[in-house]
Amino acid sequence: MSWFGSIFGQRKTPEQMMREYKRTLDKTIRELDRERTRLQTQEKKLVGDMKKMAKNDQMDAVRIMAKDLVRTRSYITKFYRMKAEMQA
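Residues numbered from 1 in each chain as written. Predicted model: local features only at pLDDT ≥ 70, side-chain atom pairs only at ≥ 80, totals over all residues. Heavy atoms only, no water.

### Some words on the pattern of salt bridges
Right, on to step 1. In the structure shown here, the tally under the stated rule is eight salt bridges.
Right, on to step 2. For D33, the salt bridge is made with K83, and the minimal N-O distance between the two is 3.3 Å. One end of the pair, D33, is in helix α2 (residues 14-55); the other, K83, is in helix α3 (residues 59-87), with 50 residues separating them in the sequence.
Right, on to step 3. A salt bridge links R38 to E35, with the shortest nitrogen-to-oxygen separation between them at 2.4 Å. (Salt bridge = Lys/Arg side-chain N within 4 Å of Asp/Glu carboxyl O. Helix = DSSP H or I, 4+ residues; strand = E, 2+ residues; numbered from the N terminus.)

Set out below in structure tokens:
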């Protein structure tokens, strides 16, 4: 029976499997948080650019940026929702 273990590899205990699962889950949550914070900084930058463009009376560009802002905010809420589902 011992040579079977060396050929096929050792079976993992449920504790080891659970630990690996938790590590991958935590890693995914950290990646989601990183992406969400990147989107939030992009949102702040976009709002500043929109204000500058509005002062220069470039309303077509502002309108396009506003659509992008709405899209970015919806992505941020999706990331919050995904994180909550993963932690549950």
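We are not done yet, so read on.
### A word on the side chain of E43
Right, on to step 1. Take E43: it is sitting in helix α2.
Right, on to step 2. Within the local environment of E43, its side chain forms a polar contact with the side chain of R73, the two groups lying 2.6 Å apart.
Right, on to step 3. In contact with E43, other than residues within four places in its own chain, are L69, T72, R73 and I76. (Polar contact = N/O pair within 3.5 Å; in protein donor to acceptor, adjacent residues only side chain to side chain. Contact = heavy atoms within 4.5 Å.)

### Details of α2
Right, on to step 1. The end-to-end C-alpha distance of α2 is 62 Å, a good match for the 62 Å that 42 residues give at a rise of 1.5 Å each.
Right, on to step 2. When we look at burial in α2, the residues that qualify are I29, L32, D33, R36, L39, E43, L46 and M50.
Right, on to step 3. Contacts made by the buried residues of α2 are with α3.
Right, on to step 4. Looking at the residues trailing α2, positive phi occurs at D57, about 60°. (Expected span 1.5 Å × (residues − 1). Buried < 20%, exposed > 50% of the residue type's maximum accessible area, 1.4 Å probe, protein only.)

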